[in-house]
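These are the residues of each chain, in order.
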Amino acid sequence: MTTYITVGHRIGYLRRQKELSQGELAEKANLSREFICMVENNKTGLGVDSLISIANSLGVSADDILVDCLEHSASTADSELHRLLLDCTETEEYILTQTVKALKAILSSRGI
C-alpha cells in the first residue's frame, strides 16, 4: 500500500507541474479521469501499461514516477526538497518553488 501512496502522490505532483488537470492527463494517457483520480488518491495501483502511458503523457521516465519505491534509482528526483514538495498544495508548492529560486539566485550572486 505504501508504494501506491508514493506513486499516486508523485503522479499528482508531476501532473500539477505540467499544469494538467486529471481529465487532461487521462485523455493524453488514454485512461479514464476516474482511474487517474483513484491512482492519485491511492485507491488503486496501476499496471505497467498504465504506468508507461502516464509517464509518456507527462514527458517523464517511469523511474521519475517510481523513484521513491526503488532501491537503485538513477533519477535526480530523489531529494529531500523534491519529496517535501510532493505533500504540498498547489499554493504551497508555488510559494516554496519561488522562494527556492530566489534563494538560489542570491547564493549564485555571492559565489556560493
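Residues numbered from 1 in each chain as written. Predicted model: local features only at pLDDT ≥ 70, side-chain atom pairs only at ≥ 80, totals over all residues. Heavy atoms only, no water.

Novice: Report on the overall build of the protein, specifying residues and quantitative values.
Specialist: Tallying secondary structure elements over the protein gives seven helices and zero strands in all. For the protein, the N- to C-terminal ordering of α and β elements is α-α-α-α-α-α-α. Restricting to contacts in the protein with at least 6 residues of sequence separation, those with at least 24 account for 54%. (Helix = DSSP H or I, 4+ residues; strand = E, 2+ residues; numbered from the N terminus. Contact = heavy atoms within 4.5 Å.)

Novice: Can you tell me about the confidence of the model for the protein, naming the residues and giving the values?
Specialist: Chain-level pLDDT for the protein is 86 on average; 88% of the residues reach the 70-or-more range. Of all helices and strands in the protein, the one with the weakest mean pLDDT is helix α6 (residues 80-86) (76), whereas helix α2 (residues 22-29) scores best (97). (pLDDT = per-residue confidence, 0-100.)

Novice: Kindly report on the pattern of salt bridges, identifying the contributing residues and their values.
Specialist: Scanning all chains against the criterion turns up one salt bridge. A salt bridge links R15 to E40; the shortest N-O distance between them is 2.6 Å. Note that R15 is positioned in helix α1 (residues 2-17) and E40 in helix α3 (residues 33-40), a separation of 25 residues in sequence. The pair R15 / E40 is uniform in exposure class, with both members buried. (Salt bridge = Lys/Arg side-chain N within 4 Å of Asp/Glu carboxyl O. Buried < 20%, exposed > 50% of the residue type's maximum accessible area, 1.4 Å probe, protein only.)

Novice: Before we move on, could you go through a nonpolar patch on the surface and cite the residues and values that matter?
Specialist: Residues L81, L84, L96 and V100 make up a contiguous nonpolar surface patch of roughly 300 Å² in combined accessible area. Along the polypeptide, L81 turns up in helix α6. (Patch = residues over 30% accessible without salt bridge, like charges linked within 9 Å, V, L, I, M, F, W, Y side chains within 5 Å. Areas by Shrake-Rupley, 256 points an atom, 1.4 Å probe, with all protein chains shown as cover.)

Novice: Could you give me a rundown of the environment of N56, with the residues and numbers involved?
Specialist: Relative to the helices and strands, N56 is located in helix α4 (residues 48-58). Along the sequence, N56 and K28 sit 28 residues apart, while their C-alpha atoms lie 8.8 Å from each other.

Novice: Explain the environment of L66 residue by residue, including any values.
Specialist: Mapped onto the elements of the fold, L66 is located in helix α5 (residues 62-66). In this structure L66 comes out as partly exposed when scored by relative accessible area, which is 23%. Measuring from C-alpha to C-alpha, the distance between L66 and T6 comes to 8.0 Å, with 60 residues separating the pair along the chain. The contact partners of L66, leaving out residues within four places of it in the chain, are V7 and L51.

Novice: Can you tell me about the layout of surface pockets, naming the residues and giving the values?
Specialist: Reported here for the largest pocket is a volume of approximately 180 Å³. What lines the largest pocket is R16, Q17, E19, E90, E93, Y94, T97 and Q98. Contributions of two or more residues to the lining of the largest pocket are made by α1 and α7 (90-109). For the lining of the largest pocket, the leading source of residues is α7, giving five residues. The residue makeup of the lining of the largest pocket, split by class, is one nonpolar, three polar and four charged. (1 Å grid on protein atoms, 1.4 Å probe; cavity = no way out; pocket = protein on both sides within 12 Å on 5 of 7 lines; lining within 4 Å. Points joined across faces, edges and corners; volume = space filled by probe spheres on them. Nonpolar A, V, L, I, M, F, W, Y, C, P; charged D, E, K, R; others polar.)

Novice: Go over unusual backbone geometry with me, naming the residues and quoting the values.
Specialist: Of note in the backbone geometry, E19 takes a positive phi value of approximately 55 degrees without being a glycine. Structurally, E19 is set in the loop between α1 and α2. You will see that N30, though not glycine, has its phi angle at about 60 degrees, which is positive. Structurally, the position occupied by N30 is in the loop between α2 and α3.

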